[in-house]
Amino acid sequence: MLIPSPKSSWFRQWSGPLTQELIQRPGEFGLGTVPENLVPDATTTMVCGYCSTGCGLNVHLRNGAAVNLSAASAYPVNLGMACPKGWEALAPLAANDRLTMPLYRAASSEPLAPISWGGAMDQFCGRFKELLRKHGPESIAFLSTGQICTEEMAFLGALFKFGMGGIHCDSNTRQCMATSHVAYRQSFGFDAPPYTYEDFEQSDVLVFIGSNLCIAHPILWQRVLRNRHRPEIIVIDPRATETAMNATLHLPIAPKSDLVLLYGLAWALIKRGAIDWAFVEAHTTGFTDFIAAVESYTEEVVCLATGLPLASFGRFVDAIIKGQRVSFWWTMGVNQGHQATRTAQAIINLALMTGNMGRPGTGANSITGQCNAMGSRLFANATSLLGGRDVLNPEHRAEVAGILGIPQDRIVPQKSLAYDEIVARIRDGRIKGLWVIGTNPSHSWIQQRDLNETLSRLEFLVVQDMYGSTETARQAHLVLPAAGWGEKDGTLINSERRIGLVKKVARAPGQALSDFQIFRLVAAAWGCGPMFERWNSPEATFQILKQLSAGRPCDISGIADYRMLDEAGGIQWPFRKGDPLITERRLFENGRFFTPDGRAVFLSETPVPVPEPADEQFPFVLLTGRGSSSQWHTLTRTNKSEVLKKLAPSENYIEMSPQDVARLGLTPGRKVSVVSRRATVDVVLRASTSVKPGECFMPMHFVETNQLTLSAVDPHSRQPSYKHCAIAVTRHGVL
Ligand code: SF4
């Protein structure tokens, strides 16, 4: 299809007025404006846009533009600290491969070429509407991100489902937090991480399961180091990670034996009588069935499955019994497993049965990944309805329709497919058009080559991003240039449920627009603009989110406006009208959960073997994870900083035990071929005692790693199992 002529009927219908609007009111669309509400030389505080820690950063402005930043000492999250990514947060904005205008590929054999916003919207609406007309509402989908503001996520979900008439949409939060979302929802009745960061400092026993906090959440590790109670720090991880090396007890279990270990711990506590019966009887259901489910997990069974010595397991049990304030923390080592949801719930069960809930220093605490994964879980309107509602519940649909002032039949009572199911439908041809916003699936999705072959089948792929250089953008038919963190206003919600502000402190380059303004443009071009009349700015949308949250567990109706968030240093949900404004807020202090009877639920399931065990042909288990604190996900932003690039390896590597290196006659520092059933890649070999014989580790940040990983998902959360697949390693060039 050719770029439409300005004389085409589509263009005449709407492109003219939109282009006029862009020209006459550029500030409203974010073009060429100086940051609002700021004097030219000033310092303002906003939250970091990388990870879910949600650190406060002071941004220093000169002549209305951000020139530097520093860690905010008064912000209650980071207390004056920041990791390398935070210190370098402005660098990606100045990268020379920023998109400055929309790009369009007129034919599959032709390169992407500049197109006006009007022309881009012509293609966007024309192509997606044509697919809807020919193939129905299930033929288009979007995949979004946990990196944009809550207001933007909510707008996108409402626009796509209620305005454009689509059904299937998901986010890259499926890759990191879906397990926690489902686990909490089933156990507590709502997706509600119970803790506040103060709990890191209050515990006398901290248990980290599948979490390399030192690297993945370095500022939260600093909060652990502020703990004055000489805590026992127990790390459950197959690898001797940086966090494990700093633990008082490291349990280097066999990969994916965590569920057996946690059931074994539960049974040992039951046998020793270390149960808080008062809490269990008053605030939970299902404990009797749970006892029956775990009674076969004796210490012999545990030690056989995990490879742990009996003494280590005994010390673990003793530490939990002795602890007065035990907190359990987990991240991707749990969430990205083949039985992830039940593993997360095994952790929740332990906190419930020992009464470690709702008190300072306790909790079953999932640490989030991306800066706004929590916003996505509550307000993205993807698989759940706005405000954590259920799209299949007619009362919930009526509530949302009433608040938004839209006809109820605009909310289709059908759940969206999950990410992997959307990919499967692209593969079988049922989904033909895809809109990708702020994420890079061509790099990050599991079994990457299969994904890329699948994307090539799309009739129309739109990518909305800051950069045209991502692996996914390079395949797109249409690329929309987006502003980044620091170039727009909005809110993010961190791991401890704290809503923080991001602010426009820099100009987006060229014609790049904030994601929010792109959605406004799409709404106007699509012809559903009037439905979103009230969504005319991020702060106006925040007021709509407040209404959507009122009466829900995530109630934020007590937050007056952005100014209140700014002055308070962020506010944790829930914050209802009339609630006192306090710095730290934890959930379940009264023992009441969000289930209909107010009781938390014990849930369990028999552990099943990993989908792809090591065997004779592929004798090693490949573990994946974060490589360093200075790298973020697919390196799209962190590789734009010369400082960050110096702090991390520049090429991919595999860590292997010195014993295996010697046995295979390999040479550390040289390239080796890593082979899985999906691909063969060549990376640098490192000998490392951080992995046990038979296990290897590769960082997730480099493009080769997910060529190897296996397409397996947890059945409840549909989160991919990135942490385990079988590989072989040979000398480079031998194959
Ligand atoms: Fe940003 Fe996370 Fe680093 Fe804090 S720890 S500065 S939120 S990337």
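Everything here concerns the structure above.
All of these numbers come straight from a predicted model, not from anything done at the bench.

**Student:** Explain the overall build of the chain here, please?
**Tutor:** Helix and strand counts for the chain come out as 27 helices and 26 strands. The C-alpha radius of gyration of the chain comes to 25 Å, within 12% of the 27 Å expected for a compact globule of 735 residues. C-alpha atoms of the chain, sized along the principal axes, occupy 80 × 70 × 50 Å. Evaluated residue by residue, the chain yields a buried proportion of 64% over its 735 residues. On the chain, roughly 25,600 Å² of surface is accessible, and the fraction owed to carbon and sulfur atoms is 52%. Distance between charge centroids for the chain: 3 Å, based on 71 positive and 67 negative side chains.

**Student:** Could you clarify how one ought to interpret the packing of aromatic side chains in this entry?
**Tutor:** Aromatic ring pairs are reported here in terms of the distance separating the ring centres and the angle at which the planes meet. Under the definition given, this model contains 33 aromatic pairs. Judged by centre distance (6.0 Å) and plane angle (70 degrees), the ring pair of Y50 and W632 falls under edge-to-face. Placement of the pair is Y50 in the loop between β1 (42-47) and β2 (56-62) and W632 in the loop between β21 (620-625) and α25 (642-646), with a sequence separation of 582 residues. W632 matches Y50 in its accessibility class, with the two residues each being buried. Through a chain of ring-to-ring contacts, the aromatic side chains of F124, F128, F142, F155, F160, W435, F460, F516, F519, F532 and W535 assemble into a single cluster. Taking the ring centre of W573 as reference, the NZ or CZ of R497 above it sits at 5.6 Å.

**Student:** What is the right way to look at empty space enclosed by the protein in this model?
**Tutor:** Any empty space left between the atoms is revealed when a probe the size of a water molecule rolls over them. Applying the stated criterion across every chain yields a total of nine cavities of 30 Å³ or more. Lining the second largest cavity, in full, are C48, Y50, C51, T53, G54, C55, A82, C83, K85, G86, P218 and I219. At the level of secondary structure, the elements contributing two or more residues to the lining of the second largest cavity comprise α2 (84-87) and α8 (218-225). Residues that form the lining of the second largest cavity fall into these classes: eight nonpolar, three polar and one charged.

**Student:** Would you take a moment to explain the site of the ligand for this structure?
**Tutor:** Lining the immediate environment of the ligand, one finds C48, Y50, C51, T53, G54, C55, C83, K85, G86 and I219. At a threshold of 2 Å from the grid points, most atoms of the ligand map onto the second largest cavity.

**Student:** I'm lost on the environment of L461 in this one. Help?
**Tutor:** Looking at where L461 falls in the secondary structure, it is placed in strand β15 (residues 460-465). Here L461 falls in the buried class, since its relative accessible area comes to 0%. Once the C-alpha coordinates of L461 and P193 are considered, the two residues, 268 residues apart in sequence, prove to be 35 Å apart.

**Student:** Whenever I open this one, the pairing of strand β14 (residues 433-437) confuses me. Can you help?
**Tutor:** Note on strand geometry: in a regular strand, side chains alternate between the two faces of the sheet. With five of five residues buried, β14 lies mostly within the body of the structure. Going residue by residue along β14, you find G433, W435 and I437 tucked away on one face and L434 and V436 tucked away on the opposite face as well. The pairing of strand β6 (residues 140-144) with β14 spans four bridges and is parallel. Of the residues in β14, the one forming a bridge with L143 is V436.

**Student:** Can you help me understand the environment of M46 in this one?
**Tutor:** Residue placement: M46 occurs in strand β1. For the pair formed by M46 and M700, sequence separation is 654 residues and the distance between their alpha carbons is 28 Å. Once you skip the residues sitting within four places of it in the chain, M46 turns out to touch C55, G56, L57, V59, W485, G486, L501, V502, K503 and V505.

**Student:** Help me understand the pattern of salt bridges in this model?
**Tutor:** Once the charged atoms of two side chains with opposite charge are near each other, the side chains can pair. Tallied over the entire structure, the rule returns 37 salt bridges. Between D428 and R430 there is a salt bridge, with the nearest N and O atoms lying 2.9 Å from each other. Residue classification places R430 among the partly exposed residues on the basis of a relative accessible area of 46%. Here E589 ties to R586 by a salt bridge, and the two come within 3.7 Å at their closest N and O atoms.

**Student:** Is there a simple way to explain the packing of helix α10 (residues 258-271) against helix α16 (residues 340-353) in this structure?
**Tutor:** Angle between the axes and distance between the axes are the two parameters that describe a pair of packed helices. Contact geometry for α10 and α16: axes closest at 9 Å, N-to-C directions at 20 degrees. Here α10 lies roughly parallel to α16, going by the angle between them. Along this stretch, α10 crosses α16, giving a crossing that reads as left-handed. Counting all contacts with α10, which are made through D258, L259, L262, Y263, L265, A266, L269 and I270, the residues of α16 involved are R342, T343, A346, I347, L350 and M353. Tallied by class, the residues present in the contact of α10 with α16 amount to 11 nonpolar, one polar and two charged.

**Student:** Would you mind going over helix α22 (residues 515-526) with me for this structure?
**Tutor:** In an α-helix, one turn spans 3.6 residues, which is why side chains three or four residues apart end up on the same side. With 12 residues, α22 should reach 16 Å at 1.5 Å per residue; the first-to-last C-alpha distance of 16 Å fits that figure. In terms of residue burial, α22 counts as a mostly covered element, since 11 of its 12 residues are buried. Along α22, the positions that sit buried rather than exposed are D515, F516, Q517, I518, F519, R520, L521, V522, A523, A525 and W526. Phi turns positive one or two residues past the end of α22, at G527, with a value near 100 degrees.

**Student:** I would appreciate a short explanation of the sheet that holds strand β3 (residues 65-71) in the present structure.
**Tutor:** Sheet strands line up and pair through hydrogen bonds in the backbone, either parallel or antiparallel. Read across the open sheet, the three strands follow the order β1-β2-β3; overall the sheet is antiparallel. Whereas interior strands pair on both sides, the edge strands pair on one side only; in this sheet they are β1 and β3. Adjacent strand axes in the sheet meet at a mean angle of 30 degrees, parallel and antiparallel pairs treated alike. Across six bridges, the pairing between β1 and β2 is antiparallel.

**Student:** Explain the state of the cysteines to me, please; I cannot follow it from the model alone.
**Tutor:** In protein structure, a disulfide is the covalent linkage between the sulfur atoms of two cysteines. Using the criterion set out here, one finds zero disulfides in the structure. In this structure C214 is not part of a disulfide, and its nearest cysteine sulfur, from C83, lies 13 Å away. Classification of C214 as buried rests on a relative accessible area of 13%. C696 supplies the cysteine sulfur nearest to C725, a cysteine that is in no disulfide, at a spacing of 10 Å.

Cut-offs applied
Residues numbered from 1 in each chain as written. Predicted model: local features only at pLDDT ≥ 70, side-chain atom pairs only at ≥ 80, totals over all residues. Heavy atoms only, no water. Helix = DSSP H or I, 4+ residues; strand = E, 2+ residues; numbered from the N terminus. Rg over C-alpha atoms; globule rule 2.2 N^0.38 Å. Buried < 20%, exposed > 50% of the residue type's maximum accessible area, 1.4 Å probe, protein only. Areas by Shrake-Rupley, 256 points an atom, 1.4 Å probe, with all protein chains shown as cover. Lys, Arg positive; Asp, Glu negative; His and termini not counted. Charge placed at Lys NZ, Arg CZ, Asp CG, Glu CD. Phe/Tyr/Trp six-rings, centres within 6.5 Å; stacked < 30°, edge-to-face > 60°. Lys NZ or Arg CZ within 6 Å of the ring centre and 35° of its normal. 1 Å grid on protein atoms, 1.4 Å probe; cavity = no way out; pocket = protein on both sides within 12 Å on 5 of 7 lines; lining within 4 Å. Points joined across faces, edges and corners; volume = space filled by probe spheres on them. Nonpolar A, V, L, I, M, F, W, Y, C, P; charged D, E, K, R; others polar. Near = heavy atom within 4 Å. Sits in = over half its atoms within 2 Å of the grid points. Pairing = 2+ DSSP bridges. Contact = heavy atoms within 4.5 Å. Salt bridge = Lys/Arg side-chain N within 4 Å of Asp/Glu carboxyl O. Axes fitted to C-alpha atoms, helices over the stretch in contact; angles between N-to-C directions. Parallel < 35°, antiparallel > 145°, perpendicular 65-115°, else oblique. Left-handed = near helix turned anticlockwise from the far one by under 90°. Expected span 1.5 Å × (residues − 1). Disulfide = S-S within 2.5 Å.

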